[in-house]
Amino acid sequence: MNTCALETLSDTLFGILYETLLLNRKPSTYGATLLKQQVSKSVTDNEPLRFLLPAFPCKSISPEKCLSHRLDMAEWIAVKKIVSTIRKIEALYEPGVEFIIFSDFHTFSKYISVEPASYYDYRKDLEAIVREFNCEGALHVKSLSDYEDFATYADDEQIEVLRTRYGDGAYENTLASMIATDSDTHKKYTALKKFMRDDQKLLIEGLSKTQRNNRVAEIARGMMIQGVALDRFLCKVFPLHIRLSIHHHPDDSAKHTVQFFDRGTFKTPWHNCMTFVASTGKYRAEKLRLAALREADSHSVIAPVYFDKRQWLLLDLPVSRPNAKEALKHITFSLQKRNCGLLIESADQGLDVSVFDNTAINHLLNEFGILIFRGFRPFADIGSLESWYSQRGDFLKWSFGATHVVKAEREGDSYSSSVTSEEALPFHWDMVSPPPYMGIDQSTHPYHTYTPKEFLLYCKSNETLEGGLSTLIDCTMAPLTLHGKTRKALRETTLSYRTRFSYFGGVERTYPLLMEAPGTKKEVLRWWQIWDEENHPGSVQFNYSRISQSSTYQDMTALEQDLTEIATQSANHFTVEFKTGDITLINNHTMLHGRTAFKGHRELWRIQLQPEHRANTQ
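## Some points on the state of the cysteines
Put plainly, two cysteines are in a disulfide when a covalent bond ties their sulfur atoms together. Here the structure, examined in full by the defined rule, presents 0 disulfides. Free cysteine: Cys66, not disulfide-bonded; nearest cysteine sulfur from Cys273 at 7.2 Å. For Cys135, which is in no disulfide, the shortest distance to another cysteine sulfur is to Cys475 and amounts to 20 Å.

Now the structure itself:
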């Protein structure tokens, strides 16, 4: 690669870092110049971009800050941001990335009052998330115990080993005078005392005022001394890594500030929890006590959302009508995956689903992909269902009307279509193959003008004896589980789909495997699973795929195997069993869905919404 090309690539990678992960700095300052030099050197040497981030120690011990000692949505969002940056770099830069998260629990364990067992729960959760993103090759979680100097020492000994072997004796001996005479040191000391006084409040509140002051002063000085020792150790072990930090550093610092959340805020996942604000579709990183105060001072309800039987995040739900506040407090929220599949369960079967306003539903559906309202007042007939759902938009009109009754019905000895059978259905999105009578021409009608943003499935009854699970794919997660180079290859690959039978007709349709979901910046997987005579003999209807365009893939069979593996890995795939009365909304742009085979009776009512900018087929 010539010098000009190297410079261009370096500039692009440099830009990605500021665009996706780091706090922007003025271009002419030392920090920005240093980062550019560090990136350029790696590119010139054809080496991975190497990053070091001391962070993710454990959850704060303060119950006023966090939901529990376990990792939650705050860490998931932070890791997702790191992974997203890594994937963008991988797509452009062959050597890729080596990103070290150095979990610094042992550095400060004496002062933060967190038990080692809590730390190991936290680290186990953190490593599990990295595995779910399939990012172990680029993103590594390390701590002192992973290195020879500390490997043989117990958890409570490592803090002293670090101080003894890597501490700065001169700094430790002069720290008291520096606090008294140096303004920067005094400012850091004062800020750290204030922070730890809040963090350790419940542990020191029984002490006298003098004892509390002495304790937080001891903690602050100890943490400053330990911080210097950790820096010296990290400089020895990682001398060439780009040094990142979760603290706000000035533009002339050699440490580059990471921003996990909104621009202009410097909050750590382990001292806060995440609140999803349903009225705006935005997250707030905030202390748990502040979230509770917001509920008391606003027209909203703050509700916990559970994942894996523990609190995972909070929802800020707007109150849409009189008496709704009390009703919302008796609803349970849980996620099927860490960021997808929101189950909303009412203990009061007389409660109407209209307790949720449409703005809140829009944002919840955009964020979590599928909403299942369970235990709410059932709909007596199709007319009452259509009356409620019409408040969310105009219906897509098929030749049989707006509402499709999906249930198994026999016509003679055979089914009329796979929809009216008991067989399994492939992964797809609704309107992947519009019927010819709708007049959709892909050369003039873009995807977003005829593809429903969402659709409704109402479970009128479910008396199946076995099977009948709805199979779902989180299409926003799937691209993040791919190496950047693979993601780029799929982004540049288009497939053509066709089917011979059913109301779809036989018109071939073509789509890229990865595209941006309309109205968002979310990259999503678009895939219709092959369902042919070879793989599914005896099915009622078949559909076929071919590679229309690709610079990487030539064998459709091999590509289909890869896509199946990607879609069905545990991070992306889950199943739901509908219960009688379930009202399910599915984001058609960010999810794929299918069905397992079943035996027995099940009846679903399906309605799709017209796109906001519908195709003109007149």
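## A word on the packing of aromatic side chains
For any two aromatic rings, the description comes down to two numbers: the centre-to-centre distance and the angle of the planes. Evaluation of the coordinates by the stated rule reveals 34 aromatic pairs. Taken together, a centroid distance of 5.6 Å and an interplanar angle of 35° make the contact between Trp76 and Phe133 tilted. In this pair, Trp76 is assigned in helix H3 (residues 73-92) and Phe133 in the loop between helix H5 (116-132) and strand S3 (139-142), connecting sequence segments 57 residues apart. In this structure Trp76 comes out as buried when scored by relative accessible area, which is 3%. Overall, Phe133 belongs to the buried group, its relative accessible area being 0%. Over the ring of Phe195 we find Lys65; its NZ or CZ atom is 4.2 Å from the centre of that ring. We note Arg602 situated over the ring of Phe598; from NZ or CZ to the ring centre the distance is 5.3 Å.

## Describing the packing of helix H8 (residues 183-199) against helix H10 (residues 209-237)
One way to put it is that H8 packs onto H10 with a least axis distance of 9 Å and a crossing angle of 120°. On the basis of the axis angle, H8 is oblique to H10. Where H8 crosses over H10, the handedness of that crossing is right-handed. Taking contact as the criterion, the partners of Thr185, Lys188, Tyr189, Leu192, Lys193, Met196 and Arg197 in H8 are, on H10, Arg212, Asn213, Val216, Ala217, Ile219, Ala220, Arg221, Met223 and Met224. Along the lines of polarity and charge, the residues of the contact of H8 with H10 split into 9 nonpolar, 2 polar and 5 charged.

## Remarks on H8
In an α-helix, one turn spans 3.6 residues, which is why side chains three or four residues apart end up on the same side. Along its 17 residues, H8 runs 24 Å from first to last C-alpha, staying within 8% of the 24 Å computed at 1.5 Å per residue. Within the span of H8, buried status applies to Thr185, Tyr189, Leu192, Met196, Asp198 and Asp199. Contact partners of the buried residues in H8: helix H4 (105-112), helix H7 (169-181), helix H9 (201-204), H10 and helix H11 (288-296).

## Some thoughts on the environment of Ser109
Mapped onto the secondary structure, Ser109 falls in helix H4. The exposure class assigned to Ser109 is buried, which follows from its relative accessible area of 15%. With sequence-adjacent residues up to four places away left out, Ser109 is seen in contact with Asp155 and Ile159.

## Re the environment of Glu326
If you trace the backbone, Glu326 turns up in helix H12 (residues 324-328). Here Glu326 falls in the partly exposed class, since its relative accessible area comes to 47%. The spacing of Glu326 and Asn588 is 262 residues in sequence and 32 Å in space, taken between C-alpha atoms.

## Quick word on the sheet that holds strand S23 (residues 543-549)
Spatially, S20-S19-S23 is the arrangement adopted by the 3 strands of the open sheet, whose pairing is antiparallel. In the strand order of this sheet, the two ends are held by strand S20 (509-512) and S23, each with one partner. Across the sheet, the mean angle from the axis of one strand to that of its neighbour is 30°, orientation sign disregarded. The pairing of strand S19 (residues 494-499) with S20 spans 4 bridges and is classified as antiparallel. Considered in S20, the bridge of Tyr497 is made with Arg509. Each of S19 and S23 touches helix H17 (residues 556-568); the most contacted strand, S23, lies at about 105° to it.

## Considering the pattern of salt bridges
Should the charged atoms of two oppositely charged side chains come close, the side chains can pair. Evaluated as defined, the whole model comprises 40 salt bridges. Lys65 is the salt-bridge partner of Asp198, the closest N and O atoms lying 3.8 Å from each other. Linking Asp198 in helix H8 with Lys65 in the loop between strand S1 (49-54) and H3, this pair joins segments that are 133 residues apart in sequence. A relative accessible area of 0% means that Lys65 is categorised as buried.

What counts as what
Residues numbered from 1 in each chain as written. Predicted model: local features only at pLDDT ≥ 70, side-chain atom pairs only at ≥ 80, totals over all residues. Heavy atoms only, no water. Disulfide = S-S within 2.5 Å. Phe/Tyr/Trp six-rings, centres within 6.5 Å; stacked < 30°, edge-to-face > 60°. Helix = DSSP H or I, 4+ residues; strand = E, 2+ residues; numbered from the N terminus. Buried < 20%, exposed > 50% of the residue type's maximum accessible area, 1.4 Å probe, protein only. Lys NZ or Arg CZ within 6 Å of the ring centre and 35° of its normal. Axes fitted to C-alpha atoms, helices over the stretch in contact; angles between N-to-C directions. Parallel < 35°, antiparallel > 145°, perpendicular 65-115°, else oblique. Left-handed = near helix turned anticlockwise from the far one by under 90°. Contact = heavy atoms within 4.5 Å. Nonpolar A, V, L, I, M, F, W, Y, C, P; charged D, E, K, R; others polar. Expected span 1.5 Å × (residues − 1). Pairing = 2+ DSSP bridges. Salt bridge = Lys/Arg side-chain N within 4 Å of Asp/Glu carboxyl O.

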